[in-house]
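The chain contents come next:
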Amino acid sequence: HLGSLGRVQHRAGHPEDAADSFDRSLATATASGDGRMAATARLNLARLLRSTGQGAAAISLLRENVEWYAGAGGGDGALLSRCLLAAETDDRDSLKEVLSAARADENHLVTILALDGLARLSADAGERGRATELLAEADALHPTVAHLLDDTDRHDRAAALTALAAGSPRDFQRLTLL
């Protein structure tokens, strides 16, 4: 329940409260030996940290999750953990692998986040057209999971839009009108 509370707090714009809830959720899961709940708490905390500019702290949580899910034979958060780790470490090849797997699994949430990550990397590399295409694809898919994924979760989208706006107002205006 603490993890759900943390997600609500995060999405409502209360990151300090959310961090406290996620920390307590992680401590409770760890103390009880519930690896899956601990992985979920780490994933949610990492999402929060990324959205508040604390990506370096998120990396260690995401690495721990990727290792845990590999040892546990997978799980609901495995692909999302891989996606966020690849995005945070700017690993374009891993993001492409995650995107392929997410599409194959019809996992729209991870597909969107992988597209957002690739768009940010493309925008940062000056690949403006590619970044715009990736964001448009993610935005078109977003309504299918809008109840699970909002702007607080789409950190890489915001960063890509910022990079595009810095270089070409036309690209930025077109994407923000979608």
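As shown above, the structure is provided for reference.
Residues numbered from 1 in each chain as written. Predicted model: local features only at pLDDT ≥ 70, side-chain atom pairs only at ≥ 80, totals over all residues. Heavy atoms only, no water.

Engineer: Got a minute to help me understand the overall build of the protein in this structure?
Structural biologist: Helix and strand counts for the protein stand at 10 helices and zero strands. Relative to the 2.2 N^0.38 estimate, which gives 16 Å for 178 residues, the radius of gyration of the protein is 16 Å and therefore close to what a compact globule would have. Referenced to the eigenvectors of the C-alpha coordinate spread, the extents of the protein come out at roughly 55 × 35 × 30 Å. Among the 178 residues that make up the protein, the fraction classed as buried is 45%. (Helix = DSSP H or I, 4+ residues; strand = E, 2+ residues; numbered from the N terminus. Rg over C-alpha atoms; globule rule 2.2 N^0.38 Å. Buried < 20%, exposed > 50% of the residue type's maximum accessible area, 1.4 Å probe, protein only.)

Engineer: Explain helix α4 (residues 55-72) here, please?
Structural biologist: Three- or four-residue spacings in an α-helix give side chains the same orientation, since the helix completes a turn every 3.6 residues. Over its 18 residues, α4 runs 25 Å from end to end, which matches the ideal 26 Å to within 8%, given 1.5 Å per residue. Every buried residue of α4 is accounted for by Gly55, Ala58, Ile59, Leu61, Leu62, Asn65 and Tyr69. The elements touched by buried residues of α4 are α3 (35-51) and α5 (78-88). Among the residues trailing α4, Gly73 stands out with phi positive, at a value near 85 degrees. (Expected span 1.5 Å × (residues − 1). Contact = heavy atoms within 4.5 Å.)

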